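# A structural walkthrough
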Amino acid sequence: MPSWLVSMVVHLTLLLVLALVGRSTSKVGQIELQFRQSSESSSMELAEFTIAAAAPLESFERSMEEERIDTTQLVSIDVIDAEAEMFSLVPKLDASVFDPVVVSTGQLDKSNKMFQGRSGTMKERLLRMYGGDETTEDAVAAGLVWLKRQQLRNGSWSLHGPYANGARGENQISATAMAMIAFMGAGSTHRGGQYQRELLRAARWLVTNQDDQGFLAGSTMGHERMYSQAQATIVLCELYAMTGDSWIRPYAQSACDFAVASQSPQGGWRYQPRRDSDTSVSGWFVMGLKSGEAGGLEVDPSIWPKIERYFDSVRQGYSGGYSYMPNVAASPSMTAEGVLCHQYLGRHRNMPGMAQSLGSLVENHPINTREADVYYWYYATQALHHYGGPLWKQWNEKMKATLPARQEKQGRERGSWSPTGDAWGSYAGRLYTTCLSIYCLEVYYRHLPLYEPVETE
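As a starting point, this report considers the structure included with it. Keep in mind that what you see is a predicted model, and the values were worked out from it rather than measured.

This part takes up the packing of helix 13 (residues 374–387) against helix 14 (residues 389–406). Where helix 13 contacts helix 14, the two axes come as close as 9 Å, and the packing angle between them is 145°. Relative to helix 14, helix 13 is oriented so that their crossing is left-handed. Two secondary-structure elements touch here, helix 13 through Tyr-376, Trp-377, Ala-380, Thr-381, Leu-384, His-385 and Tyr-387 and helix 14 through Gly-389, Leu-391, Trp-392, Trp-395, Met-399, Leu-403 and Arg-406. Grouping the constituent residues of the contact of helix 13 with helix 14 by class yields ten nonpolar, three polar and one charged.

Here the focus is the nonpolar core. One finds Leu-147, Met-180, Trp-395, Met-399 and Leu-431 to be the most contacted residues of the largest nonpolar core, which totals 116 residues. The leading source of residues in this core is helix 7 (residues 225–243), at eleven residues. Once residues lying within four places of it in the same chain are set aside, the contact partners of Met-399 are Ile-367, Thr-381, Trp-392, Pro-404, Cys-440, Leu-441, Val-443 and Tyr-444.

A pair of packed helices is characterised by two quantities: the angle between their axes and the separation of those axes. Packing of helix 6 (residues 196–207) against helix 7 brings their axes to within 12 Å, and their N-to-C directions diverge by 125°. With respect to their mutual orientation, helix 6 and helix 7 come out oblique. Once helix 6 is placed against helix 7, the crossing between them reads as left-handed. Touching Ala-203, Leu-206 and Val-207 of helix 6 are Ala-232, Val-235, Leu-236 and Leu-239, all from helix 7. Among the residues making up the contact of helix 6 with helix 7, the classes are represented as seven nonpolar, no polar and no charged.

Here the focus is empty space enclosed by the protein. In this structure the tally under the stated criterion is three cavities of 30 Å³ or more. Every residue along the wall of the largest cavity is listed here: Tyr-378, Gln-382, His-385, His-386, Tyr-439, Cys-440, Val-443, Arg-446 and His-447. Elements with a contribution of two residues or more to the lining of the largest cavity: helix 13, helix 16 (430–441) and helix 17 (443–446). In terms of residue count, the dominant contributor to the lining of the largest cavity is helix 13 (four residues).

Of the voids in this model, the largest pocket is the one considered here, and its volume is about 930 Å³. In terms of lining, the largest pocket is formed by 36 residues, of which the most central are Tyr-227, Tyr-375, Trp-424, Tyr-427 and Tyr-432. Counting only elements with at least two residues in the lining of the largest pocket, the list comes to helix 5 (172–185), helix 7, helix 9 (279–294), helix 11 (332–344), helix 13, helix 15 (425–428) and helix 16. Of the residues assigned to the lining of the largest pocket, the class counts are 19 nonpolar, twelve polar and five charged.

Let us look at a nonpolar patch on the surface. Where nonpolar side chains cluster on the molecular surface, the patch consists of Met-8, Leu-12 and Leu-15 and spans about 300 Å² of accessible area. As for its position among the elements, Met-8 is in helix 1 (residues 3–23). Given the relative accessible area of 40%, Met-8 is considered partly exposed.

Before going further, it helps to spend a moment on the environment of Asn-350. Relative to the helices and strands, Asn-350 is located in the loop between helix 11 and helix 12 (354–364). Classification of Asn-350 by relative accessible area gives exposed; the value is 56%. For the pair Asn-350 and Tyr-387, spaced 37 residues apart in the sequence, the C-alpha separation amounts to 9.6 Å.

The rules we used
Residues numbered from 1 in each chain as written. Predicted model: local features only at pLDDT ≥ 70, side-chain atom pairs only at ≥ 80, totals over all residues. Heavy atoms only, no water. Axes fitted to C-alpha atoms, helices over the stretch in contact; angles between N-to-C directions. Helix = DSSP H or I, 4+ residues; strand = E, 2+ residues; numbered from the N terminus. Left-handed = near helix turned anticlockwise from the far one by under 90°. Contact = heavy atoms within 4.5 Å. Nonpolar A, V, L, I, M, F, W, Y, C, P; charged D, E, K, R; others polar. Core = buried A, V, L, I, M, F, W, Y, C linked by side-chain atoms within 4.5 Å. Buried < 20%, exposed > 50% of the residue type's maximum accessible area, 1.4 Å probe, protein only. Parallel < 35°, antiparallel > 145°, perpendicular 65-115°, else oblique. 1 Å grid on protein atoms, 1.4 Å probe; cavity = no way out; pocket = protein on both sides within 12 Å on 5 of 7 lines; lining within 4 Å. Points joined across faces, edges and corners; volume = space filled by probe spheres on them. Patch = residues over 30% accessible without salt bridge, like charges linked within 9 Å, V, L, I, M, F, W, Y side chains within 5 Å. Areas by Shrake-Rupley, 256 points an atom, 1.4 Å probe, with all protein chains shown as cover. Salt bridge = Lys/Arg side-chain N within 4 Å of Asp/Glu carboxyl O.

Take it as geometry only, folks, not as evidence of what the structure does.
In structure tokens form, the structure reads like this:
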């Protein structure tokens, strides 16, 4: 018998045995692949290709007279510009397909410990060191219980209700972000803490609103869009910085990327990306980007000198405070926000004008229930807390007595703060005044102080 025929018979017999063995079990066996180098020479060149940029969405006709945005500069701007109420023009990300389990990325090693005073013994020590007490903590706890009761079934919050004295307009992105910031300020995250469940539901809802350029406020109307975007950026960056959760990182990074891409030529942000700057919107973005930087996210360092130039442009002399925009009169709220941003931008405690600006706020614009303005109180409380010393002690004594006293003590809205009489309360509603009041009372530990205690004596 020829050798080739013997070989064929043997191989056919082996194949038949393997086939019979394969039919006798329902399990998949091991598959072995063997590779060897061909004796034939061949060459292959890599094909060069490019990915074409996505065509921008067609703009809707405006129902209000607003300046149209140049869609050639940022793809997501069409989403921002369209007056699309309560829905986004871009596909939603389905957060349910992600498993929100922490996988440490090691990025927390780069943190500047901005958020490490929010729990444990550090929280207790900071509370005592900077003048908090049982009354302030009880007020925070009651406010968070009220916020928990207002969470909607889908995980979000509403500016309208279901509480009394809601806002004039709806903005679920801002409402959800503000509520989440309050819970996180007291030490909870979507991974742990008293309000873990609420924050996990809220985080999953929030990220479904993010488009592929990092924009989250597609459902928000008018001038509120960039405020909402900045507040949502703070939330995602804080969650990542506090947990190192790899599930959150891509959303937080994308939000930071959008912030960098939407910076205006003046150095700040306003109602439309890359168009203009004002101190109010810019302050929220500064805090969002600093939170991202604290968590080890990638933030283009070239933005910081531009931001600093903007805040220098609205600073009015040695003791003139800060204004809403260049060549506009200074105001207490913009002065507080401007000082805080300069503090986070690295200005020394003894920078010219800081003591004068903050001293003017404490002496000439103290907390006054007859002229309530929690937006101003929120920024002044932070700036003075970082600054420390006698000015902080004077401000804090008034703040920690006034805010708990203004809190609702009974009834359906117990734990909240009424918007009646507040500078922006009739417009922004009860959830807004409640969240900003909670932030003030969390100030002792919400962010670690920027200056060493020895500097504040």
